[in-house]
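Listed here are the chains, written in short residue letters.
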Amino acid sequence: CLEIWKKIRYPAWNSNLDLTLIKVKEPSELQYLDLTRCKVNKNTLEEFLASCQFLKKLSLDRLTLSIKIVNNICYKNHQTLQVLNLSRCKGLTFDTFVPIIKFCLELKELNLFDTDLSKQSIGYLVNNLTENIEKLSLRSLYFVRDEHIQTLVTRCQNIRLIHL
């Protein structure tokens, strides 16, 4: 059994990561997980994230998301998650996106760079994003308009940085 020191970073680009090799206690005390550019089996990731209930920082850059992955992130970590990087993630439909905004109210940083969010998702984001947000990346999102930014800066008084 591998004791996790509350942090996993797997920086090897385009590497295969077998999360089944990592045995964690239920619930895991993992706080920081960076899977940027990793090739991870979707079912394995769903199962692994189901054991994570104290995540503060999570990076899933370039992964394909499912509703089960999103639900495991949101429902199990909504009280602790502060930084979420979904840069270049696939699978962010309106149905998979809403739980992130609805339940992750402790978010201070959110990266949505190049996620192909729909017009409906952008509208939901700007009207419902937690007011705790400080940093937000909306780079390469086709449907972001001036009125969206105006709504964000009016609603979210703590926002310090917006990447467009």
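What counts as what
- Numbers given to residues run from 1 along each chain, matching the order in which its sequence is written.
- Given that the model is predicted, a residue must reach a pLDDT of at least 70 before its local features are reported, and side-chain atom pairs must reach 80 or more before they are shown or counted; all residues, however, enter totals for whole chains, interfaces and linings.
- Hydrogens and waters are ignored; side-chain quantities use all the structure's heavy atoms.
- We call a set of buried Ala, Val, Leu, Ile, Met, Phe, Trp, Tyr and Cys residues a nonpolar core when their side-chain atoms join them within 4.5 Å.
- The buried label applies to any residue whose accessible area, calculated with a 1.4 Å probe on protein chains only, is under 20% of its type's maximum; exposed applies above 50%, and partly exposed to all values in between.
- For helices the rule is a DSSP run of H or I covering at least 4 residues; for strands it is a run of E covering at least 2, with both sets numbered from the N terminus onward.
- Contacts: residue pairs with any heavy atoms within 4.5 Å of one another.
- In this description, a line fitted to the C-alpha atoms serves as the axis of each element, helices being fitted only across the stretch in contact, and the angle between N-to-C directions of two axes falls anywhere from 0 to 180 degrees.
- In this scheme, roughly parallel covers angles under 35 degrees and roughly antiparallel covers those over 145, while 65 to 115 is roughly perpendicular and the rest are oblique.
- By the convention adopted, Pro, Cys, Tyr, Trp, Phe, Met, Ile, Leu, Val and Ala count as nonpolar, Lys, Arg, Asp and Glu as charged, and the other residues, Gly among them, as polar.
- Here, a salt bridge means any Lys or Arg side-chain nitrogen found within 4 Å of an Asp or Glu carboxyl oxygen.

(A) View of the nonpolar core. Counting 46 residues, the largest nonpolar core has Leu60, Leu86, Leu110, Leu112 and Leu138 as its most contacted members. When residues of this core are traced back to their parent elements, those giving at least two are helix H1 (42-50), helix H2 (67-77), helix H3 (94-103), helix H4 (119-128) and helix H5 (146-155). Those residues in contact with Leu60 that lie beyond four places of it in its chain are Leu35, Leu65, Ile69, Ile73, Asn85, Leu86 and Cys89.

(B) The arrangement of the packing of H1 against H2 in detail. Look at H1 against H2: their axes get within 9 Å of each other, and the N-to-C directions meet at 10°. Judged by the angle between their axes, H1 and H2 are roughly parallel. Side by side, H1 and H2 meet where Lys42, Leu45, Glu46, Leu49 and Ala50 of the first sit next to Lys68, Ile69, Asn72, Ile73 and Lys76 of the second. Looking at the contact of H1 with H2 residue by residue, the class counts come to five nonpolar, one polar and four charged.

(C) Local environment of the packing of H2 against H3. Running from amino to carboxyl end, H2 crosses H3 at an angle of 5°, the nearest separation of the two axes being 9 Å. Judged by the angle between their axes, H2 and H3 are roughly parallel. Within the contact between the two elements, H2 uses Ile67, Val70, Asn71, Cys74 and Tyr75 and H3 uses Asp95, Thr96, Pro99, Ile100 and Phe103. In the contact of H2 with H3, the residues fall into seven nonpolar, two polar and one charged.

(D) Just the pattern of salt bridges, in detail. This structure, assessed with the given rule, holds three salt bridges. A salt bridge links Asp116 to Lys90, with the nearest nitrogen and oxygen atoms 3.9 Å apart. Here Asp116 is found in the loop between strand E5 (109-111) and H4, whereas its partner Lys90 is found in the loop between strand E4 (83-85) and H3, with 26 residues between them in sequence. Asp116 sits in the exposed class, given a relative accessible area of 52%. For Lys90, a relative accessible area of 42% puts it in the partly exposed group.

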